[in-house]
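Each chain is listed here by its residues.
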Amino acid sequence: MDIKLDDLSGAEVRALLREHLDSMRQLSPPESVHALPLEELRAPGITFWTVWESGELLGCGALKELNPRHAEIKSMRTSTRHLRKGVAKTLLNHIVAEARRRGYRRLSLETGSMEAFAPARALYARSGFKSCGPFGDYTKDPNSFFMAKEL
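Note that the structure is predicted; figures quoted are calculated from it, not measured.

1. Some thoughts on the overall build of the chain
And then number 1: A count of helices and strands for the chain gives four helices and seven strands.
And then number 2: For the chain, the sequential pattern of α-helices and β-strands runs β-α-α-β-β-β-α-β-α-β-β.
And then number 3: Over its C-alpha atoms the chain spans a radius of gyration of 14 Å, differing by no more than 12% from the 15 Å that the globule rule assigns to 151 residues.
And then number 4: For the chain, the spread of C-alpha atoms along the three principal axes comes to 40 × 35 × 30 Å.

2. Thoughts on helix 3 (residues 87-101)
And then number 1: Taking 1.5 Å of rise per residue, 15 residues should cover 21 Å, and helix 3 covers 21 Å from first to last C-alpha, within 8% of that figure.
And then number 2: Residues of helix 3 that are buried include every one of Val 87, Leu 91, Leu 92, Ile 95, Val 96, Glu 98 and Ala 99, and no others. Take helix 3 and look down its axis: the buried residues cluster within an arc of 160 degrees, on one side only. Along helix 3, the residues that are exposed and aim more than 90 degrees away from the buried face are Lys 89 and Arg 101.
And then number 3: The first or second residue beyond helix 3 is Gly 103, which carries a positive phi of 90 degrees.

3. With respect to the pairing of strand 3 (residues 56-67)
And then number 1: Sheet topology places strand 2 (residues 46-53) next to strand 3; eight bridges connect them, and they run antiparallel. Pairing of Ile 46 across the sheet is with Lys 64, part of strand 3.
And then number 2: In sequence, strand 2 turns back onto strand 3 through a hairpin of two residues, with Ser 54 there showing a positive phi of about 50 degrees.
And then number 3: Relative to strand 4 (residues 70-78), strand 3 runs antiparallel, the two being bridged by seven bridges. Residue pairing across strands places Cys 60 opposite Arg 77, the latter belonging to strand 4.
And then number 4: The hairpin turn running from strand 3 into strand 4, its antiparallel successor, is two residues long.

4. A word on the packing of aromatic side chains
And then number 1: Within this structure, the stated rule accounts for four aromatic pairs.
And then number 2: Here the aromatic rings of Phe 135 and Phe 146 are separated by 5.9 Å at their centres, their planes lie at 85 degrees, and the arrangement is edge-to-face. Pair noted here: Phe 135 is in the loop between strand 6 (130-132) and strand 7 (144-150) and Phe 146 is in strand 7, with a separation of 11 residues, a long-range link. An identical accessibility class is assigned to Phe 135 and Phe 146; each is buried.

What counts and what doesn't
- Residues numbered from 1 in each chain as written.
- Predicted model: local features only at pLDDT ≥ 70, side-chain atom pairs only at ≥ 80, totals over all residues.
- Heavy atoms only, no water.
- Helix = DSSP H or I, 4+ residues; strand = E, 2+ residues; numbered from the N terminus.
- Rg over C-alpha atoms; globule rule 2.2 N^0.38 Å.
- Expected span 1.5 Å × (residues − 1).
- Buried < 20%, exposed > 50% of the residue type's maximum accessible area, 1.4 Å probe, protein only.
- Arc of directions from axis to C-beta.
- Pairing = 2+ DSSP bridges.
- Phe/Tyr/Trp six-rings, centres within 6.5 Å; stacked < 30°, edge-to-face > 60°.

In structure tokens form, the structure reads like this:
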């Protein structure tokens with residue numbers, strides 16, 4: 001698997017992000033969808049990566065700086081065709097390593113609290129993330145599950 005910095009201009013990437021947003025909207029009420037649309041993923045302070053193998057897009061993820069010591073994982077998504085192949089774990093390890101390299105002390109994320117998000121929560125827990133309260137601009141939400149890892 002090759003992990004590449006991405007400018008979000010490719011058709012495959014746009015399609016995967018549409019799939020991600022559509023899925024989040026199906027699983028969560030509108031006020032609890034915190035996935036960023038493509039335009040917001042291009043904002044300063046956000047780094048976006050894609051995972052490729054043999055010219056095929058496998059997944060994506062982003063790192064958003066909240067402050068010089070704290071960052072957030074955003075837009076983690078594995079293509080439906082490539083689930084259970086280690087794509088998310090590979091990308092998560094890359095993002096955690098990059099967060100450490102940048103000197104962040106804490107890495108946080110928000111995911112859903114519903115059963116459909118259990119595999120994501122398990123992945124993050126296996127990587128050392130622990131449940132925490134809302135961070136950044138988030139507020140308490142029964143549909144959100146917050147996790148963080150001290151680096």
